[in-house]
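# Descriptive structure summary
Letter by letter, the chains look like this.
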Amino acid sequence: AQKITQTQPGMFVQEKEAVTLDCTYDTSDPSYGLFWYKQPSSGEMIFLIYQGSYDQQNATEGRYSLNFQKARKSANLVISASQLGDSAMYFCAMREGRSYIPTFGRGTSLIVHP
Amino acid sequence: DTAVSQTPKYLVTQMGNDKSIKCEQNLGHDTMYWYKQDSKKFLKIMFSYNNKELIINETVPNRFSPKSPDKAHLNLHINSLELGDSAVYFCASSQNSGLGETQYFGPGTRLLVL
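Fair warning: this is a prediction, and the values are worked out from it, not measured in the lab.

### Things to note about the pairing of strand S9 (residues 87-94) of chain B
Residues and elements named next belong to chain B.
- Most of S9 sits inside the fold, with 8 of its 8 residues counted as buried.
- Burial along S9 is two-sided: Ala87, Tyr89, Cys91 and Ser93 facing one way and Val88, Phe90, Ala92 and Ser94 facing the other are all buried.
- Bridging between S9 and strand S11 (residues 109-113) involves 3 bridges; their strand directions are antiparallel. Across the sheet, residue Val88 finds its bridge partner in S11, namely Arg110.
- Sheet topology places S9 next to strand S10 (residues 104-105); 2 bridges connect them, and they run antiparallel. Counted as the bridge partner of Ser93 is Tyr104 from S10.

### Re the pattern of salt bridges
- The tally for this structure, following the rule as stated, stands at 7 salt bridges over all chains.
- Asp29 of chain A serves as the salt-bridge partner of Arg98 of chain A, at 4.0 Å between the closest nitrogen and oxygen. Of the two residues, Arg98 of chain A is situated in the loop between strand S10 (88-96) and strand S11 (102-104) and Asp29 of chain A in the loop between strand S4 (24-25) and strand S5 (32-39); the sequence distance between them amounts to 69 residues.
- Taking relative accessible area as the criterion, Asp29 of chain A reaches 6% and is therefore assigned buried.
- Among the ionic pairs, Lys71 of chain B bridges to Asp30 of chain B, the shortest N-O distance being 2.7 Å. Remark: Asp30 of chain B occurs in the loop between strand S3 (19-25) and strand S4 (31-37) and Lys71 of chain B occurs in the loop between strand S7 (64-70) and strand S8 (73-78); sequence separation between them is 41 residues.
- Using a relative accessible area of 36% as the deciding quantity, one classes Lys71 of chain B as partly exposed.

### Concerning the environment of Thr31 of chain B
Residues and elements named next belong to chain B.
- By secondary structure assignment, the location of Thr31 is in strand S4.
- C-alpha of Thr31 to C-alpha of Glu53: the two residues are 22 residues apart in sequence and 9.1 Å apart in space.
- The residues touching Thr31, leaving out its near neighbours within four places in the chain, are Ser48, Tyr49, Asn50, Ile55, Ala92, Ser93, Ser94, Gln95, Asn96 and Ser97.
- A distance of 3.1 Å separates the side chain of Thr31 from the backbone nitrogen of Ser97, its partner in a polar contact.

### A word on a nonpolar patch on the surface
All names here are of chain B.
- Taken together, the side chains of Val12, Leu112 and Leu114 make up a nonpolar region of the molecular surface, amounting to roughly 280 Å² of accessible area.
- With respect to the helices and strands, the residue Leu112 is situated in strand S11.
- The exposure class assigned to Leu112 is partly exposed, which follows from its relative accessible area of 42%.

### Section: the sheet that holds S7 of chain B
Residues and elements named next belong to chain B.
- If you trace the 4 strands from one edge of the open sheet to the other, you get S1-S3-S8-S7, paired in antiparallel fashion. Of all the strands in the sheet, the pair left with one neighbour each is strand S1 (4-7) and S7. For this sheet, the mean angle separating the axes of adjacent strands, direction not counted, is 20 degrees.
- With 4 bridges connecting them, S3 and S8 associate as antiparallel partners. Each bridged residue has a counterpart across the sheet, and for Ser20 the counterpart in S8 is His77.

### Description of the interface of chain A and chain B
- Counting residues at the interface gives 22 residues for chain A, matched by 19 residues for chain B.
- Note on chain A versus chain B: buried area summed over both sides is about 1,800 Å², and carbon and sulfur give 60% of it.
- For the pair chain A and chain B, the number of links is 0 salt bridges.
- Remark: the boundary between chain A and chain B carries 3 residue pairs in polar contact (both at pLDDT 80 or more).
- Among the secondary structure elements, those contributing two or more residues to the side of chain A that touches chain B are S5, strand S6 (46-52), S10 and S11 of chain A.
- Residue composition of the side of chain A that touches chain B, by class: 12 nonpolar, 7 polar and 3 charged.

### Comments concerning the side chain of Ser74 of chain A
Residues and elements named next belong to chain A.
- Within the element layout of this structure, Ser74 appears in strand S9 (residues 74-79).
- Since its relative accessible area comes to 7%, Ser74 is described here as buried.
- Not counting residues within four places of it along the chain, the set of residues in contact with Ser74 comprises Cys23, Thr24, Tyr25, Asn67, Phe68 and Gln69.

### Topic: the nonpolar core
- Membership of the largest hydrophobic core comes to 25 residues, with the highest contact counts inside it found for Leu21, Trp36, Leu77, Tyr90 and Leu110 of chain A.
- Going through the elements one at a time, strand S2 (10-14), strand S3 (19-21), S5, S6, strand S8 (64-69), S9, S10 and strand S12 (108-113) of chain A are the ones with two or more residues in this core.
- A total of 4 residues in this core trace back to one element, the largest contributor, which is S10 of chain A.
- Core analysis: the second largest hydrophobic core is formed by 19 residues, Val4, Met46, Tyr49 and Leu76 of chain B among them.

Rules behind the numbers
Residues numbered from 1 in each chain as written. Chains lettered and ligands numbered in written order. Predicted model: local features only at pLDDT ≥ 70, side-chain atom pairs only at ≥ 80, totals over all residues. Heavy atoms only, no water. Buried < 20%, exposed > 50% of the residue type's maximum accessible area, 1.4 Å probe, protein only. Helix = DSSP H or I, 4+ residues; strand = E, 2+ residues; numbered from the N terminus. Pairing = 2+ DSSP bridges. Salt bridge = Lys/Arg side-chain N within 4 Å of Asp/Glu carboxyl O. Contact = heavy atoms within 4.5 Å. Polar contact = N/O pair within 3.5 Å; in protein donor to acceptor, adjacent residues only side chain to side chain. Patch = residues over 30% accessible without salt bridge, like charges linked within 9 Å, V, L, I, M, F, W, Y side chains within 5 Å. Areas by Shrake-Rupley, 256 points an atom, 1.4 Å probe, with all protein chains shown as cover. Axes fitted to C-alpha atoms, helices over the stretch in contact; angles between N-to-C directions. Buried area = accessible area lost by both parts, 1.4 Å probe. Nonpolar A, V, L, I, M, F, W, Y, C, P; charged D, E, K, R; others polar. Core = buried A, V, L, I, M, F, W, Y, C linked by side-chain atoms within 4.5 Å.

Next comes the structure, spelled out in structure tokens:
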């Protein structure tokens, strides 16, 4: 079974609009961490945001926020006020407390239209 | 100042050859990783070292051998290259191997096996 599922292979959004990228995860470990990374067409992987399983509040970093719904095992990334430079692949990842092995989802390609 | 660097950036070689990819980080981190990203952008961890000690060794053919001469370097040697080894290989590092540690990625090495 996949540990990280990103159901949206591609998403389109108008510049200045908000967009939500979905991520669901599967673990029986009570201790885990969730990450989002951005990969622009140039290829590098850029860390965006982190949410720990015991964190009480949703993580935020500038225009990025993480909508963490523990009971539903979802960790959706919300990008507010989209910019053209946000066009990229976005990867959700998880690290479980037992194994510490990072697992990545298959990514969502986001295209921001002017 | 490059935080995580990899050489070479591009590598084109024939099947059956042996090649190495070098990785260096100047962040003072204790933990380093190797990932493989296939043509469908799927990112999978291969190895991780913490203070020169192997801590993660995923299901990888034994033709792949990581070497960590010191905690700032993690090199990847590949013997008897096969067509299926064509991919982008990313090195990454984190402060330590803790659950919530952010990984900082290198620019990637694009390997093409002919």
